[in-house]
Amino acid sequence: LDPERRTVLVIPEGFLEECRLLFHFAMRSARRLPDHRFIFRCHPVMPFDRVRPFLPWAPEAFPNIEVSERASFADDCGRASVVLYRGSSAALYAVSHGLKPVYLHDERFYDVDPLFEVTTWREQAGSAQALERVLARYAKTPAQEAVAAWREAARYVEEYTIPVTDASVDQWLATVGKRHT
């Protein structure tokens, strides 16, 4: 919960089209928002070197874009204030790390938002101008208001995700066993 950090973590799903869509959008946005940093983080099944040839511009040409090579997703979350995503379930974990989620809505594609039920903390943007407005509003959000909205979203994420423990594995095995009897 640090809007002053002005860093957007961009997390596509592990599909080339999603990577192209999100990274292209982020590059257009980076031009409009030179005071913001953009961290491109690929899904492990789609490394950046496979995506790079399909992008319209070289991310290296943008002083405010970094391609993450960090092993830890949590490390990248710790450096960001906002997460830009579409269908990636990693957005759930980004919220649990305090990032404000911004869903990229594109009318050419189906909405695949894993946070569609979150109404107070999540935002949508369909253009670089819309993202600019969202980020400007977030920067002006009073801390108490931001924390309250985040807590509601964090509760949603907690209910949606279940930590892997011995008890949760036992519960899963019991459920699977019941289905097969």
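Please refer to the structure higher up on the page.
First, a word on what this report is: a plain description of the structure on this page. What you see is a predicted model, and the numbers here were worked out from it, not measured in a lab.

### Digging into the sheet that holds strand β3 (residues 65-67)
Consideration 1: A sheet is described by the order of its strands in space; here 6 strands give the open sequence β3-β2-β1-β4-β5-β6, paired in parallel fashion. Strand pairing shows two members of the sheet lacking a second neighbour, β3 and β6 (123-125), which therefore form its edges. With strand direction ignored, the average angle separating the axes of adjacent strands in the sheet is 25°.
Consideration 2: Pairing of strand β5 (residues 100-104) with β6, which is carried by 3 bridges, proceeds in the parallel orientation. Across the sheet, Y103 pairs through a bridge with Q124, a residue of β6.
Consideration 3: Across the sheet, helix α1 (residues 16-32) lies against β1 (7-11), β2 (37-40), β3, β4 (82-85), β5 and β6, angled at about 165° from β2, the strand it touches most.

### Here we look at the environment of A174
Consideration 1: When you line up the elements, A174 lands in helix α7 (residues 166-179).
Consideration 2: C-alpha separation for the pair A174 and A143, spaced 31 residues apart in sequence, amounts to 44 Å.

### A word on the packing of aromatic side chains
Consideration 1: Considering all chains together, one arrives at 6 aromatic pairs under this definition.
Consideration 2: For the ring pair F23 and F40, a centre distance of 4.3 Å and an interplane angle of 5° mean the geometry is stacked. Residue F23 is found in helix α1, and its partner F40 is found in strand β2; the two are separated by 17 residues along the sequence. Per residue, the accessibility class of F23 equals that of F40, and both read buried.
Consideration 3: An aromatic cluster is defined as three or more aromatic residues linked by ring pairs; in this entry it consists of F23, F40 and F48.
Consideration 4: It is R31 that lies over the ring of W57; its NZ or CZ is 4.3 Å from the centre.
Consideration 5: Stacked on the ring of W121, the Lys or Arg K100 has its end atom at 4.5 Å from the ring centre.

### Some remarks on the environment of I65
Consideration 1: Structurally, I65 is set in strand β3.
Consideration 2: For I65, a relative accessible area of 9% translates into the label buried.
Consideration 3: Once the C-alpha coordinates of I65 and A30 are considered, the two residues, 35 residues apart in sequence, prove to be 7.3 Å apart.
Consideration 4: In contact with I65, other than residues within four places in its own chain, are M27, A30, F38, F40 and P59.

### Description of unusual backbone geometry
Consideration 1: Non-glycine residue R6 carries a positive phi angle of around 50°.
Consideration 2: Position of R6 among the secondary structure elements: in the segment before β1.

### Points about the pairing of β4
Consideration 1: Alternating positions in β4 separate into two faces, V82 and L84 on one and V83 and Y85 on the other, with burial throughout.
Consideration 2: Bridge analysis of β1 against β4 gives 4 bridges, and the strand direction is parallel. In the sheet register, L9 faces β4, and the bridge partner there is V83.

### Some points on the pattern of salt bridges
Consideration 1: For the structure on display, the rule yields 13 salt bridges.
Consideration 2: A salt bridge links E132 to R32; its shortest N-O distance comes to 2.7 Å. Of this pair, E132 sits in helix α5 (residues 128-140) while R32 sits in helix α1, and the two are 100 residues apart along the sequence.
Consideration 3: According to the relative accessible area criterion, E132 is partly exposed, its value standing at 26%.
Consideration 4: Overall, the relative accessible area of 38% leaves R32 in the partly exposed class.
Consideration 5: With its nearest N and O atoms 3.0 Å apart, the salt bridge here joins R137 to E123. With R137 in helix α5 and E123 in strand β6, this pair connects stretches of sequence that are 14 residues apart.
Consideration 6: Counted as one network, the salt bridges with shared partners bring together R37, R41, E66, D76 and R79.

Conventions we followed
Residues numbered from 1 in each chain as written. Predicted model: local features only at pLDDT ≥ 70, side-chain atom pairs only at ≥ 80, totals over all residues. Heavy atoms only, no water. Pairing = 2+ DSSP bridges. Helix = DSSP H or I, 4+ residues; strand = E, 2+ residues; numbered from the N terminus. Axes fitted to C-alpha atoms, helices over the stretch in contact; angles between N-to-C directions. Contact = heavy atoms within 4.5 Å. Phe/Tyr/Trp six-rings, centres within 6.5 Å; stacked < 30°, edge-to-face > 60°. Buried < 20%, exposed > 50% of the residue type's maximum accessible area, 1.4 Å probe, protein only. Lys NZ or Arg CZ within 6 Å of the ring centre and 35° of its normal. Salt bridge = Lys/Arg side-chain N within 4 Å of Asp/Glu carboxyl O.

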